[in-house]
Amino acid sequence: MQVESKVIKGLVGNHAVAYAVKQAKPQVLAVYPITPQTTMLEKLSEYVESGELKAKMIRVESEHSALAAVYGAALAGSRVFTATASQGLLYMTEMIYWAGGQRVPIVAAVATRAIASPWSILDDHHDFVSKRDAIWIQLMAENVQEAYDLTIQAFKISEDKRVLLPVMMGFDGFILTHTLEKVELLPDNVVDAFIPPRDFNLIDFSDPLGIGQVASPEDYIYYRYEAQRAMERSREVITEVERDYEDITGRKYGLIDCYMCDDAEYIIVSMGAWSGDARVAVQKEREKGIRAGLLKVRTFRPFPKDEVKQIVGKSRGVVVFDRSVSYGSGGVLANEVKSASYGLDVPIHSVIAGLGGKDVRPLHMEKVLDDLALNQLEDERWLL
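Let us look at the structure shown here. Throughout this description, residue numbers start from 1 for each chain and increase along the sequence as written. With pLDDT at 70 or above as the cut-off, local features in this predicted model cover only qualifying residues; side-chain atom pairs require 80 or more to be listed or tallied, and sums for whole chains, interfaces and linings still use all residues. Neither water nor hydrogens contribute to the side-chain values; these are computed over all heavy atoms in the structure.

### Remarks on empty space enclosed by the protein
Next, step 1: Method remark: on a 1 Å grid restricted to protein atoms, a set of points is classed as a cavity if a 1.4 Å probe fits but cannot get out and as a pocket if it is open with protein on both sides within 12 Å along at least five of seven lines; lining residues have an atom within 4 Å of a point. Grid points are joined across faces, edges and corners, and a volume is the space filled by probe spheres set on the points. All chains considered together, the criterion is met by two cavities of 30 Å³ or more.
Next, step 2: Its boundaries defined by the atoms lining it, the largest cavity holds a volume of some 60 Å³.
Next, step 3: Taken together, Val-3, Ser-5, Lys-6, Glu-184, Leu-185, Leu-186, Pro-187, Ile-248, Thr-249 and Arg-251 make up the lining of the largest cavity.
Next, step 4: For the second largest cavity, the calculated volume is near 40 Å³.
Next, step 5: The wall of the second largest cavity is formed by His-125, Met-271, Trp-274, Phe-321, Asp-322, Arg-323, Ser-324 and Leu-333.
Next, step 6: Gly is put with the polar residues, along with every residue not named as nonpolar or charged; the nonpolar set is Ala, Val, Leu, Ile, Met, Phe, Trp, Tyr, Cys and Pro, and the charged set is Asp, Glu, Lys and Arg. The class makeup of the residues in the lining of the second largest cavity is four nonpolar, two polar and two charged.

Structure below.
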C-alpha cells in the first residue's frame with residue numbers, strides 16, 4: 001500500500017543519503033572525510049549531535065580504520081554505515097575484502113570520483129568498479145531520489161539472512177553529491193516498518209570464537225563457493241526488496257531499467273547519473289526516426305546477465321558508455337555487457353567518456369547513436 005503522506009524536500013545528494021541513513025537508525029558510524037563525500041559526514045555528525053540519530057560516531061584517523069570500526073561493530077550485532085570516495089576507497093581496500101569475505105552486513109556509500117594520478121577531485125567510476133570482485137553487492141544511483149531510495153533498500157538487502165553481504169551504493173561525485181533536487185522522503189515510521197531493527201549478530205557471546213582465522217585450502221574454496229551462492233541468491237532478494245519498496249512509494253526499481261527498449265533497434269547502455277542525458281539523446285534520436293533505447297544498469301554486482309542479454313538480443317546494435325577502463329582490456333561496463341551477451345550476433349561497441357569529470361552531454365551521445373545507425377562506429381571510441 002502506497003504511503004499517503006508525502007514529504008518533499010530539496011536536498012543535495014550527500015544530504016539525501018545522510019537523511020536515509022538517519023531514518024535507517026544505524027547504531028555505529030565511522031566516516032573519514034574526503035571530497036566529494038565530506039558534507040555527508042558533516043550532516044550525519046549534526047544528526048548525532050542533535051540527538052536525531054542515536055548512534056555512536058567513531059572518530060577515526062583514516063578510511064581503513066573507518067571500515068575496520070564498522071566491521072567490528074557489525075560482527076557484534078550493530079547496524080552500521082560508512083562512506084568514502086576515490087583514494088579513500090583505495091585506502092579501505094584491505095578491509096573491503098575482509099568485510100566481503102566474512103559476509104558482514106555493512107552499508108557504504110561511495111561518492112564516485114576519479115583516481116590519481118593525475119590528481120582529480122571530479123567524477124568517474126574507476127573507484128566504484130575497482131571493487132567488483134570484493135564480494136560486495138553494488139548498486140548505482142542515477143539521481144538524488146535514487147540515491148535516497150537505494151540507501152534505504154541497501155540496509156534491508158544487506159541484513160537479509162539469505163544474503164548477509166555488504167552493500168555499496170554508488171552515486172556520481174559532484175554531479176549528484178552536490179546537486180540540489182526535489183526528493184520525496186518517506187515518513188520515519190514507514191522506514192521503521194520497512195527495515196526493523198537488526199535482531200541478530202554474527203558472534204555467539206556465550207561461546208566466543210576468533211574471527212578471520214586461517215583456512216585450509218579445502219575450507220577456503222568452500223567459503224568462496226558459499227559467497228558466490230549468496231551473491232546469486234541476492235538477485236531474488238534485491239528484486240523482492242525493490243517490489244516491496246514500489247508498493248510503498250510507487251517508484252519502480254529493478255536490476256536494470258529500460259527506456260523505450262520495446263521496439264529499439266539501437267541501444268545505449270549506461271550506469272549512473274549520465275543515464276538522464278542518455279534519455280534525452282534517445283528522445284532526440286526518436287524525433288529523427290531512429291529507434292533508440294536506453295538500458296540502464298542499476299545493479300552492477302550481481303551483474304544482471306540474463307536481463308541484459310534479453311534486451312541486447314532484440315537490437316541491431318549496442319553502444320556502452322563507460323566512465324571507467326580496464327586498461328589493456330577496454331571499458332569495464334562494456335566488457336560486462338559483452339560477456340553477458342555471449343552467443344548473440346549483435347555488435348557491441350564501447351565508448352570511453354567522462355573520465356576525470358570531462359563533460360558529456362546528450363549531443364555527444366546523439367552523435368554516437370547516429371554513427372551506430374550508419375554502421376560508422378568503431379569497436380572502441382574515446383570521447384577526448
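### Regarding the layout of surface pockets
Next, step 1: The space that makes up the largest pocket amounts to roughly 550 Å³.
Next, step 2: Contributing to the lining of the largest pocket are 18 residues, with Gly-101, Gln-102, Gly-212, Tyr-223 and Arg-224 lying nearest its centre.
Next, step 3: For the lining of the largest pocket, the elements supplying multiple residues, two or more each, are α4 (86-102) and α8 (217-249).
Next, step 4: Starting at the N terminus, helices and strands are each numbered in turn, a helix being any DSSP run of H or I of at least four residues and a strand any DSSP run of E of at least two. Element by element, the count of residues in the lining of the largest pocket is highest for α8, at five residues.

### Things to note about unusual backbone geometry
The phi angle of most residues is negative, glycine excepted, and most peptide bonds adopt the trans form.
Next, step 1: Here the bond from Ala-116 into Ser-117 is cis, since omega is 10 degrees, no more than 30 degrees from zero.
Next, step 2: Note on placement: Ser-117 falls in the loop between β5 (107-112) and α5 (126-129).
Next, step 3: The linkage connecting Ser-117 with the following residue, Pro-118, adopts the cis geometry, with an omega of 0 degrees.
Next, step 4: Mapped onto the secondary structure, Pro-118 falls in the loop between β5 and α5.
Next, step 5: Positive phi, normally seen in glycine, also occurs at Leu-164, with a value near 45 degrees.
Next, step 6: Relative to the helices and strands, Leu-164 is located in the loop between α6 (144-159) and β7 (167-172).
Next, step 7: Think of it in three bands: residues with accessible area under 20% of the maximum for their type are buried, residues over 50% are exposed, and the middle band is partly exposed, with areas taken using a 1.4 Å probe on protein chains only. Using a relative accessible area of 15% as the deciding quantity, one classes Leu-164 as buried.

Geometric values such as these leave the question of function open.
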